[in-house]
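Next come the chains, spelled out residue by residue.
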Amino acid sequence: MRKVPRWAVLLLAVGIGAVILRVLVFRGAGLAVKVARVEMGSVEEIITNTRAGTVKAHHRAKLSPQLGGLVTALPHRKGSQVAAGDLLLQLDDSVQRAQLRLVEHQVRTAEARTQEACLAADLAEKELARGLALARDGVLSPQNLDALQSTRDRAVATCQALRATLDEAQAQVRLAKAQLALTQIRAPFSGVVAECSGEVGEWITPSPPGIPIPAVLDLLDPASLYISAPIDEVDSQRVKVGQPARIAIDSRPGEKLAGRLDRVAPFVLDVQEQNRTVEIEVVLEDPRLARGFLPGTSSDVEVILARRDGVLRVPTSAIAEGGKVLVLEGGRLAERTVRTGIRNWQFTEILAGLAPGERVVTARDSAEIRPGARARAHDQGREGP
């Protein structure tokens with residue numbers, strides 16, 4: 001019988017040792033699973049928008065003149081801060097001012113004629129009074145008394161007619177002033193000029209009825225900005241005006257701003273090939289923060305329906321259908337059924353079934369992760385074994 005070389009025996013021994021080491025050590029360690037500790041903390045129940053929301057302004061006006069005309073002044077340009085009543089645009093008003101001067105002259109003429117006629121009416125009244133006295137004494141004949149009465153009546157009628165003419169002339173003045181005012185655009189509220197599409201020297205034509213023409217000026221109040229966002233129709237009965245909310249603006253990544261629910265639409269949007277939604281409006285708690293936002297920017301909102309502090313919680317991903325969780329204890333996975341409270345996409349409140357400090361599996365990404373399997377905690381910093 002041939003003698004086995006020593007090197008072969010040594011190689012066989014190393015192989016057997018490696019197999020034993022793998023079986024005893026690595027198999028004993030079990031699967032590496034991601035876990036999180038059951039802890040005390042805060043849990044919120046929230047509703048989020050189904051599609052991106054939009055920053056809008058309550059006070060926003062697209063302004064155009066009601067008359068066509070030549071632009072003679074644009075005192076404020078794009079980006080200018082204006083106060084309510086400030087002049088934003090001036091058209092050539094030479095025709096309107098000439099018309100106003102004309103009707104004002106007509107008023108003065110009508111005033112003079114009215115004064116003359118009414119003085120004549122007063123004199124005729126006095127002449128009639130003297131004639132009545134003379135008639136009682138038998139000095140004045142009835143024919144002459146009738147003439148005095150007719151003269152008085154004509155004078156009074158003339159006075160009344162000229163007063164009506166004066167009222168008409170004064171109405172013409174008010175009309176001319178209104179026509180003159182149409183040559184100007186003034187700020188209806190304090191705000192910022194967001195857009196100005198006209199220039200001095202250009203001719204502006206007003207929009208005919210039914211034909212949309214872009215506005216010359218776009219004025220908005222940055223303090224009146226809000227976020228409009230759609231939520232699923234099934235959540236419409238759960239949201240109420242005044243509920244707290246958080247706002248995320250795409251142009252300011254990483255920030256969550258405090259807000260509150262300001263309006264819930266009284267109807268459901270039924271748009272073909274889209275989920276039915278209800279529009280909500282959220283405003284910032286501190287309106288000053290809205291001054292840096294641009295209307296039209298995309299945003300997201302979270303309406304906080306309920307919040308509980310100091311409760312037992314676990315990551316929501318740890319809970320499977322039926323309230324089942326896998327707990328890592330003694331190197332093995334044990335399945336438990338828990339009773340839950342409020343939840344969101346991040347955390348779920350635990351009412352019963354777990355104790356603080358226990359470790360639950362947060363990802364079941366393998367069929368081997370099941371009750372009874374040997375396992376070890378994946379290295380996750382403080383959540384390690």
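Going by the structure above, here's the rest.
Residues numbered from 1 in each chain as written. Predicted model: local features only at pLDDT ≥ 70, side-chain atom pairs only at ≥ 80, totals over all residues. Heavy atoms only, no water.

(A) Geometry of the packing of aromatic side chains. For the coordinates displayed, the defined rule picks out zero aromatic pairs. Residue placement shows Arg 313 over the ring face of Phe 347; its charged tip is 3.7 Å from the ring centre. (Phe/Tyr/Trp six-rings, centres within 6.5 Å; stacked < 30°, edge-to-face > 60°. Lys NZ or Arg CZ within 6 Å of the ring centre and 35° of its normal.)

(B) Spatial organisation of helix α3 (residues 142–181). Counted at 1.5 Å a residue, the expected span for α3 with its 40 residues is 58 Å, and the 59 Å between its end C-alpha atoms agrees. Taken residue by residue, α3 has Leu 145, Arg 152, Ala 155, Cys 159, Leu 166, Ala 169, Val 173, Ala 176 and Leu 180 as its buried positions. Buried residues along α3 sit in contact with α2 (94–136) and β9 (184–186). (Helix = DSSP H or I, 4+ residues; strand = E, 2+ residues; numbered from the N terminus. Expected span 1.5 Å × (residues − 1). Buried < 20%, exposed > 50% of the residue type's maximum accessible area, 1.4 Å probe, protein only. Contact = heavy atoms within 4.5 Å.)

(C) Structural detail: the state of the cysteines. A complete count under the given rule lists one disulfide for this structure. Between Cys 118 and Cys 159 runs a disulfide, and the two sulfur atoms are separated by 1.8 Å. Taking the sign of the torsion about the S-S bond as the criterion, the disulfide between Cys 118 and Cys 159, at about 80°, is right-handed. Here Cys 159 lies in helix α3 and Cys 118 lies in helix α2, a separation of 41 residues in the sequence. Each member of the pair, Cys 118 together with Cys 159, is buried. (Disulfide = S-S within 2.5 Å.)

(D) Structural context of α2. Here α2 contains 43 residues, and its C-alpha end-to-end distance of 63 Å stays within 8% of the 63 Å for a straight helix at 1.5 Å per residue. Of all the positions in α2, only Gln 96, Leu 100, Val 103, Val 107, Ala 110, Thr 114, Ala 117, Cys 118, Ala 121, Ala 124, Leu 128 and Gly 131 are classed as buried. Elements in contact with the buried residues of α2: α3. Looking one or two residues beyond α2, the residue adopting positive phi is Gly 138, at roughly 80°.

(E) Molecular detail of the side chain of Asp 221. Along the chain, Asp 221 falls in the loop between β12 (217–220) and β13 (225–232). Accessibility expressed as a relative area gives 16% for Asp 221, which makes it buried. Among residues more than four places away in sequence, those in contact with Asp 221 are Ala 57, His 59, Phe 189, Ser 190 and Gly 191.

(F) Here's a closer look at the pattern of salt bridges. Under the counting rule described, the total for this entry stands at 22 salt bridges. A salt bridge links Asp 218 to Lys 62; its shortest N-O distance comes to 3.3 Å. Of this pair, Asp 218 sits in strand β12 while Lys 62 sits in strand β5 (residues 60–63), and the two are 156 residues apart along the sequence. With a relative accessible area of 7%, Asp 218 lands in the buried category. (Salt bridge = Lys/Arg side-chain N within 4 Å of Asp/Glu carboxyl O.)

(G) Inspection of the pairing of β12 at higher detail. What you see with β12 is no split at all: Leu 217 and Leu 219 on one side and Asp 218 and Leu 220 on the other are buried throughout. Relative to β12, β5 is paired through four bridges, and the arrangement is antiparallel. Bridged to Arg 60 within β12 is Leu 220. Bridge count between strand β10 (residues 191–196) and β12: four bridges; the pairing is antiparallel. (Pairing = 2+ DSSP bridges.)

No statement about biological role is implied by the geometric values presented.
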